Amino acid sequence: MDRAESFVRTRAPAWTAFEKELAGVRAAGSVPADRIVAFARAYRDAAADLSAARAMGCGAEVSLRLNRLVSEAHGAVYRRRARPSTERRRGAAARMLVALPRAFADHPGTALLGLAFFLGSALLAGLYVAGDERRVHEVFPTLENVIHPGDGKPGEKLNVMPATLTSFYIVNNSFVAMNFLAHGILLGLGTTWFLLVNGSVLGALAAHFAHQGALHRFWPQILPHGVTEMLAMMTGAQAGFLLAKAFWRPGEYSRVDALALRGREAGVLALATVCLMVWSGFVESYLTRSTADDGVRNLFAAVAAVGVAAWFALALRAKREPGEGDGVRAGART
Amino acid sequence: MFQERWSLETPEHVPVEFEVAGPMSRYAAGLYDGLMLFCLVVICSLLALGLALVFSEAVSRDAAIGATAAFLAVVVFGYFPVFEYFRNGQTPGKKALGIRVMRRDMRPLDFASVFLRGVLRIVDFLPGLPFPLVGLVSMSISRRALRLGDLAAGTWVVRDPDLPPHLDGAFFSFGKRAVVRPPRPRTAPGTAAAAAPAGEGRLTAEEFRIARDFVERSQGLDPEKRRAAAVYVAGPILRRLGEQRFDAEKFLREEVAKGPAGKSLL
């Protein structure tokens, strides 16, 4: 009996036992608590056996059997925790709170680029409409359905109820922000396009209100929800440009690895964007579209702006965890 | 064109091979999930309508519509990320097709990754068609069958080591998998077929046909692929016979020479 055959005969019962245990884990969905240590040990043994079987030339059948065993066991050993502890959940929430300000601080170039596209297009569209007020319909064809520069309160013009409106705003605005992000993968061109379109609408609207002599009515209709909504859109755009940056400036990584690396940051920003949009959806339907006085609206917008500034300041002062910001190992190069 | 098998290193520094799920099996899983999602939305809508009628006096119409719309949006947008995160990388469609999402660095899936690959479906479905044109093109030209969402999220979709028995045939195999993976033998070790005396053909007619096809067609393959294919073909037969052989290719040649059960070619 040669060495390889002896190895297989000695180890085969352990593999069979582990296969049976894996079948049980597959059926139950997770490793039983009292078997975790033994299961992890059996997994490591199987991984070592796979390595040894290849080295000894035990044949393809044995290698394939062990490969299956190890790959499936890996999924069970390294799976996500079934119930994250309260501490871990709090840690994840805290990381998300600081991730957004840090994404802007760590990549100021992409943040400024997004802001420049948005404000630049707003300015150009504003100048375009200021030249001839009728041009506002070219930039914003559905203007009359959305916002009015007249004296009436915006809530009086809308025959839609606030809870329904909240759902609409949250879903619609989140989808728009996700477009900012997703189209970043098209080398950033898609994100740029969405920024230009949305900036143009804002600029054209401001010029339209100014032309009607109602600019004082414009900001109270925009700012209360606009502070967080603008931040959410800029966050979506930042995430989109991070994906684009992986193509344009991958640095020391391959483009695929850089994309996976930036994608991890973009994923957290996408979650933050949705949270911001939920908040701004409530504000837009219950405050902006209400019959509240402009003073109340402006005060709310100011408080929101101060809140965002304080959030950024505190987050940027918070200590980084070891390894944070150094980049996460992207997909294994194979 | 995508390559079927890839090797990744576990944290224990042992390379493990995975079989990449091809574009068509992923598309089939997507269709399955689309159908599930449609049914889910219809059921939720009917349920919400029923609840609204029952509690029409206690709950305002506005609140009912708002809550239903928000819930449906969560169902539609959350279906893929939630299933992939909580069900170890498997939506119902992926589970039915025996495939799962994994991170390419072999770490556990995190919610940001599955959420991002979900968001990137917006681009994979461009230009507004009911099927993911960009995604399919991306998967077809990528060697690891990655769609844009996988590229950005650092994930890929692999086949489970064992397919569910009802899909272990050629129906979803599309192409070369149909050749290298025979149907799972229906007889258990120790049955009459397994107990056939040595020296006579022991393969069932179906096994013999597949083994003979392998022997006839495998000459042009490079040695590594030929060995891997031989293991696929011989594995289920050896399990049925309750035997273990180190050289699957040699075993197949020997068995083909003997002919199918009950006959001898010699």
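This text goes with the structure placed above it.
One numbering rule holds for all chains: residues counted from 1, following each sequence as written. Starting at A for chains and at 1 for ligands, labels are handed out in the order in which the entities are written. Confidence filtering applies because this is a predicted model: local features only for residues at pLDDT of at least 70, side-chain atom pairs given and counted only at 80 or more, and all residues used for totals across whole chains, interfaces and linings. Neither water nor hydrogens contribute to the side-chain values; these are computed over all heavy atoms in the structure.

Visitor: For this particular structure, what's the right way to read the overall build of chain A?
Guide: Elements are defined by DSSP. Helices are runs of H or I of four residues or more, strands are runs of E of two residues or more, and each kind is numbered from the N terminus. Scanning chain A for helices and strands turns up 13 helices and 0 strands. Listed N to C, the secondary structure of chain A is α-α-α-α-α-α-α-α-α-α-α-α-α in terms of helices and strands. The classification of residues rests on relative accessible area computed with a 1.4 Å probe and restricted to protein chains. Under 20% of the type maximum is buried, over 50% is exposed, and intermediate values are partly exposed. Split into buried and exposed, the 334 residues of chain A put 46% on the buried side. Contacts: residue pairs with any heavy atoms within 4.5 Å of one another. In chain A, of all internal contacts separated by at least 6 residues, the share reaching a separation of at least 24 is 78%. Working definition of accessibility: Shrake-Rupley area with a 1.4 Å probe, residue cover restricted to the visible protein chains. As presented, chain A carries roughly 16,500 Å² of accessible surface, and 62% of it is formed by carbon and sulfur atoms.

Visitor: What exactly am I supposed to notice about the interface of chain A and chain B here?
Guide: Interfaces are often sized by the accessible area lost when the parts come together. On the chain B side, the residues contacting the 58 residues of chain A number 58 residues. Here chain A and chain B share an interface that buries about 5,000 Å² over both sides, 65% of which is from carbon and sulfur atoms. Salt-bridge detection follows one rule: a side-chain nitrogen of Lys or Arg within 4 Å of a carboxyl oxygen of Asp or Glu. Our count for the chain A to chain B interface comes out at 1 salt bridge. The salt bridge partner of B:Asp110 is A:Arg264, with a shortest N-O separation of 2.7 Å. As a working definition, buried area equals the accessible area (1.4 Å probe) given up by two parts on being put together, with both sides summed.

Visitor: Looking at this model, I keep getting lost on helix H5 (residues 108-131) of chain A. Mind explaining?
Guide: Here H5(A) contains 24 residues, and its C-alpha end-to-end distance of 34 Å stays within 8% of the 34 Å for a straight helix at 1.5 Å per residue. Here H5(A) has its buried residues at A:Thr110, A:Ala111, A:Gly114, A:Phe118, A:Ser121, A:Ala122, A:Ala125, A:Gly126 and A:Val129. A helix's residues, less one, multiplied by 1.5 Å, set its expected span.

Visitor: Help me understand the packing of aromatic side chains in this model?
Guide: Each aromatic ring pair is described using two quantities: the centre-to-centre distance and the angle formed by the ring planes. Two rings from Phe, Tyr or Trp (for Trp, the six-membered ring) form a pair when their centres sit within 6.5 Å of each other. Planes less than 30 degrees apart are called stacked, planes more than 60 degrees apart edge-to-face, and all others tilted. Tallying each qualifying case throughout the model produces 17 aromatic pairs over all chains. Ring centres of A:Phe180 and A:Phe194 lie 6.1 Å apart, and the angle between their planes is 40°; on these two criteria the pair is classed as tilted. In this pair, A:Phe180 is assigned in helix H9 (residues 162-182) and A:Phe194 in helix H10 (residues 189-211), connecting sequence segments 14 residues apart. Residue A:Phe180 is classed as buried on the basis of its relative accessible area, which comes to 0%. A relative accessible area of 21% places A:Phe194 in the partly exposed class. Each ring, one from B:Tyr85 and one from B:Phe111, has its centre 5.3 Å from the other, and the planes form 85°; the classification is edge-to-face. Within this pair, whereas B:Tyr85 is found in helix H2 (residues 61-86), its partner B:Phe111 is found in helix H4 (residues 111-119), the two being separated by 26 residues in sequence.

Visitor: Sorry, what's going on with the environment of A:Ala304 here?
Guide: All names here are of chain A. Within the secondary structure layout, Ala 304 lies in helix H13 (residues 294-317). Ala 304 gets classed as buried once you look at its relative accessible area, which sits at 15%. With 81 residues separating them along the chain, Ala 304 and Leu 223 place their C-alpha atoms 9.3 Å apart.

Visitor: How should I be thinking about helix H11 (residues 215-248) of chain A in this particular structure?
Guide: The α-helix winds at 3.6 residues per turn, so residues separated by three or four positions along the chain end up facing the same way. All names here are of chain A. Between its terminal C-alpha atoms H11 stretches only 41 Å, short of the 50 Å expected from 34 residues at 1.5 Å a residue. Fitting axes to the seven residues ending at a residue and to the seven starting there, one defines the bend at that residue as the angle between these axes. At Gly 226, H11 shows its largest bend, some 60°. The element H11 is extensively covered by neighbouring structure, given that 26 of its 34 residues are classed as buried.

Visitor: What am I meant to see in unusual backbone geometry here?
Guide: Among all residues save glycine, negative phi is the norm, and among peptide bonds the norm is trans. Of note in this structure, A:Leu187 is not a glycine but carries a positive phi near 60°. Structurally, A:Leu187 is set in the loop between H9 and H10. With relative accessibility at 37%, the residue A:Leu187 sits in the partly exposed group. Of note in the backbone geometry, B:Ala145 takes a positive phi value of approximately 55° without being a glycine. Since its relative accessible area comes to 1%, B:Ala145 is described here as buried.

Visitor: Explain a nonpolar patch on the surface to me, please; I cannot follow it from the model alone.
Guide: All names here are of chain B. A cluster of nonpolar side chains, Phe 38, Val 42, Leu 46, Leu 49 and Leu 53, forms an exposed patch at the surface whose accessible area comes to about 540 Å². Among the secondary structure elements, Val 42 is positioned in helix H1 (residues 23-54). Accessibility expressed as a relative area gives 36% for Val 42, which makes it partly exposed. A patch consists of residues exposed above 30% relative accessible area that lack any salt bridge, with like charges linked at up to 9 Å and nonpolar side chains (Val, Leu, Ile, Met, Phe, Trp, Tyr) linked at up to 5 Å.

Visitor: I keep staring at the side chain of B:Arg100 and nothing clicks. Help me out?
Guide: Structurally, the position occupied by B:Arg100 is in strand E3 (residues 99-103). The buried category is assigned to B:Arg100, whose relative accessible area is 18%.

Visitor: Whenever I open this one, the pattern of salt bridges confuses me. Can you help?
Guide: Two side chains with opposite charge may pair up if their charged atoms get near one another. Tallied over the entire structure, the rule returns 25 salt bridges over all chains. Across the pair A:Arg9 and A:Glu5 runs a salt bridge whose closest N-O atoms are separated by 2.9 Å. Residue A:Arg9 and its partner A:Glu5 are both found in helix H1 (residues 3-28); the two are separated by 4 residues, about one turn of the helix. Given a relative accessible area of 51%, A:Arg9 falls into the exposed group. Exposure remark for A:Glu5: the relative accessible area of 24% places this residue in the partly exposed category. Among the charged side chains, a network of salt bridges with common partners joins B:Arg26, B:Glu84, B:Lys94, B:Arg117, B:Arg121 and B:Asp150.

Visitor: In this structure, what is going on with the packing of H11(A) against H13(A)? I would like to understand it.
Guide: Geometrically, a packed helix pair is captured by the angle between its two axes and the distance between the axes. Residues and elements named next belong to chain A. Axes here mean lines fitted to C-alpha atoms, for a helix over just the part in contact, with angles spanning 0 to 180 degrees between N-to-C directions. Between H11 and H13, the least distance of the axes is 9 Å, while the angle of their chain directions is 25°. With respect to H13, the element H11 is oriented roughly parallel. In terms of crossing hand, the pair formed by H11 and H13 is left-handed. Contact residues: His 216, Arg 217, Pro 220, Gln 221, Leu 223, Pro 224, Val 227 and Leu 231 in H11; Asp 294, Arg 297, Asn 298, Phe 300, Ala 301, Ala 304, Ala 305, Val 308, Trp 311 and Phe 312 in H13. Gly is placed with the polar residues, together with every amino acid not listed as nonpolar (Ala, Val, Leu, Ile, Met, Phe, Trp, Tyr, Cys and Pro) or charged (Asp, Glu, Lys and Arg). Here the residues of the contact of H11 with H13 sort into 12 nonpolar, 3 polar and 3 charged. Convention used here: angles under 35 degrees read as roughly parallel, angles over 145 as roughly antiparallel, angles from 65 to 115 as roughly perpendicular, and any remaining angle as oblique. In this scheme, a crossing is called left-handed if the near helix is turned counterclockwise away from the far one by less than a right angle; it is called right-handed if the turn is clockwise.

Visitor: Teacher, can you tell me more about the pairing of strand E4 (residues 155-159) of chain B here?
Guide: Looking along a regular strand, one sees side chains alternate from face to face of the sheet. All names here are of chain B. The buried count for E4 comes to 5 of 5 residues, which makes it a mostly enclosed element. Alternating residues of E4 divide into Thr 155, Val 157 and Arg 159 and Trp 156 and Val 158, and every residue in both groups is buried. Where E3 meets E4, 5 bridges bridge the pair, whose relative direction is antiparallel. Within the sheet, the bridge partner assigned to Ile 99 lies in E4 and is Arg 159. In short, DSSP must find at least two bridges between two strands for them to pair.

Visitor: Would you take a moment to explain the packing of helix H12 (residues 255-288) of chain A against H4(B) for this structure?
Guide: One way to put it is that H12(A) packs onto H4(B) with a least axis distance of 8 Å and a crossing angle of 80°. Here H12(A) is positioned roughly perpendicular relative to H4(B), judged by the angle of their axes. In this structure, H12(A) contributes A:Gly263, A:Arg264, A:Ala266, A:Gly267, A:Val268, A:Ala270, A:Leu271 and A:Val274 to the contact, and H4(B) contributes B:Phe111, B:Ala112, B:Ser113, B:Phe115 and B:Leu116. Across the contact of H12(A) with H4(B), the residue classes tally to 9 nonpolar, 3 polar and 1 charged.

Visitor: Any chance you could explain the state of the cysteines here in plain terms?
Guide: Disulfides are covalent bonds that link the sulfur atoms of two cysteine residues. Criterion for a disulfide: a pair of cysteine sulfur atoms at a distance within 2.5 Å. For the structure on display, the rule yields 0 disulfides over all chains. Unpaired in terms of disulfides, B:Cys44 finds its nearest cysteine sulfur in B:Cys39, a separation of 11 Å.

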